[in-house]
Amino acid sequence: MSEDQLRVGPYSFSSRLLVGTARYPNYQVMLEAIEQSGAELVTVAIRRLDLAASKESGVLELLAGRYTLLPNTAGCYTARDAVLTAQLAREALETDLIKLEVIADDQTLLPDSEELLVAARELVADGFVVMAYANDDPVLCRKLQDVGCAAVMPLGSPIGSGMGIRNPYNFQIIRELLEVPMLLDAGVGTASDAVLAMELGCDGVLLNTAISGAKKPVQMAQAFRLAVESGRAAWQAGRIPRRLYADPSSPSAGLIKSRGQ
């Protein structure tokens with residue numbers, strides 16, 4: 001097992017890529033894509049599942065025992081609904097892990113910061129390991145850490161937009177403020193977005209549509225696995241400083257001089 005683990009509360013994972021299960025053309029493609037992604041943590045939307053049916057013949061049966069399930073509260077617009085959904089997930093799936101989402105409206109699907117903080121505080125007090133989906137707001141992300149979230153997941157851009165990280169400067173600030181893991185969540189369009197996230201210091205990337213909506217989901221899943229791995233390696237290696245002017249890579253000492261010099 002790799003020593004470079006993603007640690008979320010008491011949980012550890014070798015892969016830093018987290019994937020969803022929605023919008024695949026069929027279950028077979030979904031399973032092949034998840035396998036190629038190398039993901040160990042797979043998120044499912046509790047409010048969009050028939051839990052009884054899923055346990056017998058649906059997505060949960062296909063994933064159970066193979067992956068760690070990360071239920072999420074997608075579709076919740078109030079702290080109360082999010083808390084109830086999380087409690088339902090814990091009872092049904094026997095897990096204290098929860099990806100907390102509290103959305104402000106149907107058009108932007110952006111997080112409602114006030115309701116999010118209320119829900120996070122209640123769920124942490126109730127013993128959940130909370131991974132909170134948030135705006136790319138450094139102050140909000142720090143507050144989510146302060147109330148006890150095990151991971152904070154700022155968006156790169158709106159859900160499903162594929163616009164990538166629109167404000168990398170905020171991500172740099174968030175990285176400096178947080179001690180808990182920071183994961184990019186939402187807006188990922190292609191593998192280079194994942195590389196950038198990891199090079200900015202993200203501890204992981206969660207995505208769904210960028211794989212399930214690709215022309216070749218299985219191949220795209222493999223691309224994201226490699227992207228996260230290479231971005232992580234680059235972050236650990238440490239990039240060179242940016243310079244305004246050129247800096248020769250070859251030493252100038254000992255250069256052969258032409259006549260007249």
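The structure displayed is predicted, hence computed values, not measured ones.

Caption draft 1: View of the overall build of the protein chain. Helix and strand counts for the protein chain come out as 10 helices and 10 strands. Taken across its 261 residues, the protein chain has 48% of its residues classed as buried. Pairs at least 24 apart in sequence give 65% of the contacts found in the protein chain among residues at least 6 apart. For the protein chain, the separation between the mean place of its 24 positive charges and that of its 31 negative charges on side chains is 10 Å.

Caption draft 2: Molecular detail of helix 8 (residues 191-199). If you check which residues of helix 8 are buried, you get Ala 191, Asp 193, Ala 194, Ala 197 and Met 198. All buried residues of helix 8 project into a common sector of 155° when viewed along the axis, lining one side. Where helix 8 is buried, its residues contact strand 9 (183-185), strand 10 (204-207) and helix 10 (217-237). One or two positions beyond helix 8, positive phi appears at Gly 201, with a value near 105°.

Caption draft 3: Representation of the layout of surface pockets. Size it by volume and the second largest pocket reaches roughly 360 Å³. The set of elements that each furnish at least two residues to the lining of the second largest pocket consists of helix 7 (168-177), helix 8 and helix 10. If you tally residues by element for the lining of the second largest pocket, the top one is helix 7, at 5 residues. Residue composition of the lining of the second largest pocket, grouped by class: 6 nonpolar, 1 polar and 5 charged.

Rules used in this analysis
- Residues numbered from 1 in each chain as written.
- Predicted model: local features only at pLDDT ≥ 70, side-chain atom pairs only at ≥ 80, totals over all residues.
- Heavy atoms only, no water.
- Helix = DSSP H or I, 4+ residues; strand = E, 2+ residues; numbered from the N terminus.
- Buried < 20%, exposed > 50% of the residue type's maximum accessible area, 1.4 Å probe, protein only.
- Contact = heavy atoms within 4.5 Å.
- Lys, Arg positive; Asp, Glu negative; His and termini not counted.
- Charge placed at Lys NZ, Arg CZ, Asp CG, Glu CD.
- Arc of directions from axis to C-beta.
- 1 Å grid on protein atoms, 1.4 Å probe; cavity = no way out; pocket = protein on both sides within 12 Å on 5 of 7 lines; lining within 4 Å.
- Points joined across faces, edges and corners; volume = space filled by probe spheres on them.
- Nonpolar A, V, L, I, M, F, W, Y, C, P; charged D, E, K, R; others polar.

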